[in-house]
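A structural walkthrough
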Number of protein chains: 2
Amino acid sequence: MLHIVVDAMGGDNAPAEIVKGAVLALNERKDFGIILTGDENLVRAELGKYKYDASRVEVIHCSEVITNDDVPTHAVRSKRDSSLVVGLKQLKERDDVGGFVSAGSTGAVLTGGIMFVGRLKGVQRPALCPAIPNVRGGVTLLCDCGANAECKPAYLAQFGIMASAYAKAAFGIQNPRVGLLTNGTEEHKGDPLHQEAHGLMKDLQSIDFAGNIEGRDIMYGDVDVAVADGFSGNIALKSIEGCGKTVGDLLSKEFRKSFGSKLAYLCARKQVGKLKYMLDYNRFGGSVFLGLKKVVIKSHGSSKAKSITPSVLQAVDAYRGNLIGMLADMLAETAPEGADE
Amino acid sequence: MLHIVVDAMGGDNAPAEIVKGAVLALNERKDFGIILTGDENLVRAELGKYKYDASRVEVIHCSEVITNDDVPTHAVRSKRDSSLVVGLKQLKERDDVGGFVSAGSTGAVLTGGIMFVGRLKGVQRPALCPAIPNVRGGVTLLCDCGANAECKPAYLAQFGIMASAYAKAAFGIQNPRVGLLTNGTEEHKGDPLHQEAHGLMKDLQSIDFAGNIEGRDIMYGDVDVAVADGFSGNIALKSIEGCGKTVGDLLSKEFRKSFGSKLAYLCARKQVGKLKYMLDYNRFGGSVFLGLKKVVIKSHGSSKAKSITPSVLQAVDAYRGNLIGMLADMLAETAPEGADE
């Protein structure tokens, strides 16, 4: 049976919300199992709160936890018995394990992923790729959103290839349109990094390049993939997140102001709820770490159960949708000789 | 009497909406006049549609228009009789002119502003600085949001100084808190540009530096000023714009779906309207171009009258709030010798 490893100790709400989210995922579908890595006593205490098929759950005890205060590169080397490192090693070593989910330190997931799972052949830099809901009711994949603060033009071109494979494998988008996120739509816009990346992407046969796009096109445009350097991609993602949170807060505040506005809320709650649902990108799961030999998913550090559940199911779907195979194929088609570093 | 120059031919909706917006501003306050630059026949035809005090309006005929298809550096040199260049020259030469507003080509406003109005002493790079509504009901100033796609650390530090002066002069914020927009809050985050800028800003006595901030903090955090390089600042601004537009569209769509949802809208329209108002950053006017010897305001290219009116009033307020004097003082306090380039 396919297994997904869940880092039970990663994130602000571990292990309670992580275990709960994993169990909910398990109860939603019957065709996979879960391996929880973490402090066995704590994890079993949380598991004890729920009903589930115990034959589909493994717990692997680990004595250490990597926190956000740890220096990632040091932590993944020194904390060999941490829930994160042990989990990644399970992913690497076991054929029945198809994916790994963690809400822990982003830096440690990235460093550990590269170190213990390894890059696919031809990948220059793996990249984080979340799915952001757009105005068309679909998603726009934003790649990279933070794994690589400093990029070279060739990395950006490869992000376009990897995210296209992801759009096909996980979202069934046949011919994903790929835009390059810059400060204007004209071809000459951007700094030298993005100008040069534009030139490379225009020549790529394997992607459908739509040219430069602006920040507003992530949610409002007609591309399926927005390619970004990790620095500005991260800023775009979090700007959208802040705007969404602000809207939600202001709306709640308005509807709570008076008896009349509370009544208004009763009338409009269905529509407001629908809006909140559409904007909630947690329902698409976490950010996939594209470019590794197996499926690694980074869930938000503040993830609660309702974010962990879709992350686990996303790992199942990405595995079954043959994400890794498609990535490998598209990279092999386009990778220049000697692109490995 | 104080005059504000308005480029009547700049933007997608010129001259109709520009003239309308200028007249509305005129009729809102009695203590200033307007100079419209543009095709006199067209401008007078638009003016003829409204009631206003003709003694407070001048029209200066120009035979040319700079469009978004023009190359900015070339256009401001060759189209000397364009509404933009003639307007900027009025601003430069006349003591009774306190500000300039255009919804025309951003590049041309920036290039023309530097060429014809000139930089304040000590300014390395002027920067565009819009005001973005935040969850606290106030504004966060985002500087730079697109004037400088490529920056040096010292530019970023100076953006912090200029935007602080703007926060004081135009928004009455006594002690503005300044954050540096990067991909994480920890001090070591970001690329070398932002790491070095962080070091410079930490040492500045003239600003209240709050450290690194993330994209979500623009609307959701507790800073008054977000300093950004023009590339990622532009991406942040437009990502927020796209998210706001998406929310507005989805909400309208939900409320239009059925008879029941239309009824729900009737109940909730006051709250939804309030939300839209709070998120509408056009009500704060355009982006001030900070660092010039006089007040230059760039209104959105798609500006309608309701965006031009606050931009004109913003120019009046910035002039009367002594923005330029405060900028000059803060720059003189902190500018290192020889910072002029």
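Use the structure listed above.
Keep in mind the model is a prediction, meaning the values are calculated, not measured. (Residues numbered from 1 in each chain as written. Chains lettered and ligands numbered in written order. Predicted model: local features only at pLDDT ≥ 70, side-chain atom pairs only at ≥ 80, totals over all residues. Heavy atoms only, no water.)

Looking at the pattern of salt bridges
- Under the counting rule described, the total for this entry stands at 28 salt bridges over all chains.
- In this structure, a network of salt bridges that share partners links the residues A:Glu214, A:Arg216, B:Lys238 and B:Glu241. (Salt bridge = Lys/Arg side-chain N within 4 Å of Asp/Glu carboxyl O.)

Concerning a nonpolar patch on the surface
- On the surface, a nonpolar cluster with roughly 440 Å² of combined accessible area is contributed by A:Phe259, A:Leu263, A:Tyr265 and A:Leu266.
- You can see A:Phe259 is positioned in helix α10 (residues 259-279). (Patch = residues over 30% accessible without salt bridge, like charges linked within 9 Å, V, L, I, M, F, W, Y side chains within 5 Å. Areas by Shrake-Rupley, 256 points an atom, 1.4 Å probe, with all protein chains shown as cover. Helix = DSSP H or I, 4+ residues; strand = E, 2+ residues; numbered from the N terminus.)

Points about α10(A)
- The principal kink in α10(A), of about 65 degrees, is found at A:Ala268.
- The set of residues buried in α10(A) consists of A:Ser261, A:Ala264, A:Ala268, A:Gln271, A:Val272, A:Leu275, A:Met278 and A:Leu279.
- Along its buried surface, α10(A) packs onto β6 (131-133), α8 (217-220) and α9 (230-256) of chain A together with α9 (230-256) and α10 (259-279) of chain B. (Bend = angle between axes of the 7 residues up to and from the residue. Buried < 20%, exposed > 50% of the residue type's maximum accessible area, 1.4 Å probe, protein only. Contact = heavy atoms within 4.5 Å.)

Points about the relation of the copies chain B and chain A
- Each copy of the sequence occupies a distinct position, and chain B is placed on chain A by a rotation of 180 degrees and an axial shift of 0.0 Å, giving an RMSD of 0.0 Å. Each copy turns onto its partner about a two-fold axis.
- When you check the interface residues of chain B against chain A, 100% turn up at the interface there too, and the contact is symmetric in its surfaces. (Least-squares fit on C-alpha atoms with pLDDT ≥ 70 in both.)

Here's the deal with the sheet that holds strand β2 (residues 33-38) of chain A
Residues and elements named next belong to chain A.
- Sheet architecture is open: seven strands sit in the order β3-β2-β1-β4-β12-β11-β5, paired in mixed fashion. If you trace the sheet from one side to the other, it starts and ends with β3 (57-61) and β5 (127-129), each paired once. Taking the axes of each pair of neighbouring strands and ignoring which way they run, one obtains an average angle of 25 degrees across the sheet.
- Two elements, strand β1 (residues 3-7) and β2, share five bridges in a ladder whose sense is parallel. Bridging from a neighbouring strand, Asp7 pairs with Thr37 of β2.
- Running over the sheet, helix α1 (residues 16-28) touches β1, β2 and β3 and is turned about 170 degrees from β2. (Pairing = 2+ DSSP bridges. Axes fitted to C-alpha atoms, helices over the stretch in contact; angles between N-to-C directions.)

A word on the packing of α10(A) against α10(B)
- α10(B) packs onto α10(A) with a crossing angle of 135 degrees between their chain directions and a minimal axis gap of 8 Å. In terms of their interaxial angle, α10(A) and α10(B) are classed as oblique. Both α10(A) and α10(B) take part in a crossing whose hand is left-handed. Touching A:Ser261, A:Ala264, A:Cys267, A:Ala268 and A:Gln271 of α10(A) are B:Ser261, B:Ala264, B:Cys267, B:Ala268 and B:Gln271, all from α10(B).
- For the contact of α10(A) with α10(B), the residue count by class is six nonpolar, four polar and no charged. (Parallel < 35°, antiparallel > 145°, perpendicular 65-115°, else oblique. Left-handed = near helix turned anticlockwise from the far one by under 90°. Nonpolar A, V, L, I, M, F, W, Y, C, P; charged D, E, K, R; others polar.)

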